[in-house]
Amino acid sequence: MEAQNQSSMEHEYDVVVVGAGPAGCTAAVFASQLGLKTVLLEARSVPKDKICGDAVAGKCIPILKELGILEKIKEGPHGYSTGVIFSSPKGDVVHITFNPPGAKQKTDGYVVRRKVFDEYLYRRVEESDAETRLQFKVGSVLTENGKVVGVQGRGYGNDADEIYKAKVVIGCDGYKSIVARETGCYDRNPDHYVVALRQYWEGIGGMSEAIEVHFVDDIIPGYFWIFPLEDGKANVGLGMMDRDIQAKNIDLRELLAKAIDNPLFKQRFANAKPLERPVQWDLPLGSKRRKMYGNGFMLAGDAAGLIDPFTGEGVGGAMHSGKMAAYAAKEAIDASDVSEAFLKRYDDRFWAYLGNELTLSHKLQKIGKKKWLLNWVLGKAARSPYVREQISGMLANVIPKKTLASPLFYLKLLLG
């Protein structure tokens, strides 16, 4: 909405960050460290649950170290993942380590319930110079002469709106992002969206220090996962492209029950029990380069649609985008230029850093939709140490990004 002279209470900041997830908390900490007067607005209280696969991938580790949170994760409740187990529709099982030959350091991952993980991040914001405001729901974005200049919303239990003015607004408010909607950047294309279910279980048999992704015959073109958590618990879920769900009128809850009852897993779940009903959420995939910046604003995390198309992992992309948005905001404010043209550097930097990886994941995702191709590729990986090492290198981020962009790399990978 266009900014107007109102009686609403007004606050002035350099940067307003909307949403206290991984992207928002990361952006707020780095913006405050860069000397920007920053406030983080969150609609809910903390701790809060976020429906997710809960995987904290290797690409998160460097930023977690910078934030000083990694040791807390190691000391707190978590599952540990040293690799990933894939299975094909015909039953080939492939175990890929996260630590391929040539890796300079271990890149093992963690599985941390988002209720725990997001609270670590939020408490880190509280330790910084950034201000925070919980239970404040942003209802609209304020603009002047085509430029975003702040947000307007209302605190829980309050009757009057408040305005948070800013030189730069960073929208990190998830796949339903009000900032994306109000700036014309919201794009829910069913060809680039996955709908998923999560259900916490305990007592599943055969668990190991590996996340599991299964392409079960009954649920192709969907995928079924089992991720290890602390104390014998697991994150169990199912994901499928929104386009396929719509075309086939699929009930994901029925499909999840069918996967659990599949002969491949039935015995493992025989003595297990669910800890909740299945809960559903949307995943905007980075298989499409959506608009994530404009005059006076940037989008990060799910608001920008940056989830890995193959693995469904979004925390790493969210944290990297949050950090990059903070640095771009600092440069723009120092230059007194928060125009769309100036903030384009944020988009360019993010896609230069993770673009090839997301493109590769999109190609792998397409393989996952074709049963015969899945059987062929995973069968080759089961038989070929070279193919397993290359996939391991991709997952561990030790293969140069220029290599990932080369068609020759994919040809060698497929030929094994």
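Being a predicted model, the structure only gives us computed values, none of them experimental. (Residues numbered from 1 in each chain as written. Predicted model: local features only at pLDDT ≥ 70, side-chain atom pairs only at ≥ 80, totals over all residues. Heavy atoms only, no water.)

Caption draft 1: Expanded view of the packing of helix α1 (residues 22-33) against helix α8 (residues 315-334). Interhelical geometry of α1 versus α8 gives an angle of 30° and a closest axis separation of 7 Å. As judged from the angle between their axes, α1 and α8 are roughly parallel. For the element pair α1 and α8, the recorded crossing hand is right-handed. Judged by residue contacts, P22, A23, T26, A27, F30 and A31 of α1 engage V315, A318, M319, S321, G322, K323, A326 and Y327 from α8. Of the residues belonging to the contact of α1 with α8, the class tally is 10 nonpolar, three polar and one charged. (Axes fitted to C-alpha atoms, helices over the stretch in contact; angles between N-to-C directions. Helix = DSSP H or I, 4+ residues; strand = E, 2+ residues; numbered from the N terminus. Parallel < 35°, antiparallel > 145°, perpendicular 65-115°, else oblique. Left-handed = near helix turned anticlockwise from the far one by under 90°. Contact = heavy atoms within 4.5 Å. Nonpolar A, V, L, I, M, F, W, Y, C, P; charged D, E, K, R; others polar.)

Caption draft 2: View of helix α7 (residues 252-260). Restricting attention to buried positions, one finds in α7 the residues L252, L255, L256, A259 and I260. Looking straight down α7, one finds that the buried residues subtend no more than 140° of arc, so they occupy a single side. The N-cap residue of α7 is D251: its side-chain oxygen and the backbone nitrogen of R253 are 2.9 Å apart. (Buried < 20%, exposed > 50% of the residue type's maximum accessible area, 1.4 Å probe, protein only. Arc of directions from axis to C-beta. Polar contact = N/O pair within 3.5 Å; in protein donor to acceptor, adjacent residues only side chain to side chain.)

Caption draft 3: View of the packing of aromatic side chains. Throughout the structure, instances matching the rule amount to 12 aromatic pairs. Here the aromatic residues Y223, W225, F227 and W281 are joined through ring pairs into a cluster of three or more. The residue whose ring lies beneath R188 is Y193, and the NZ or CZ to ring-centre distance is 4.3 Å. (Phe/Tyr/Trp six-rings, centres within 6.5 Å; stacked < 30°, edge-to-face > 60°. Lys NZ or Arg CZ within 6 Å of the ring centre and 35° of its normal.)

Caption draft 4: Quick peek at the nonpolar core. Of all hydrophobic cores here, the largest spans 77 residues; its most connected members are V16, L64 and M298. Sorting elements by how many residues they give to this core places α8 first, with 10 residues. M298 has contacts with V168, V169, I170, G171, M292, Y293, A325, A328, A329, L343 and Y346, leaving out every residue within four places of it along the chain. Grouped together as the second largest cluster of nonpolar side chains are 34 residues, V194, A196, V213 and V387 included. (Core = buried A, V, L, I, M, F, W, Y, C linked by side-chain atoms within 4.5 Å.)

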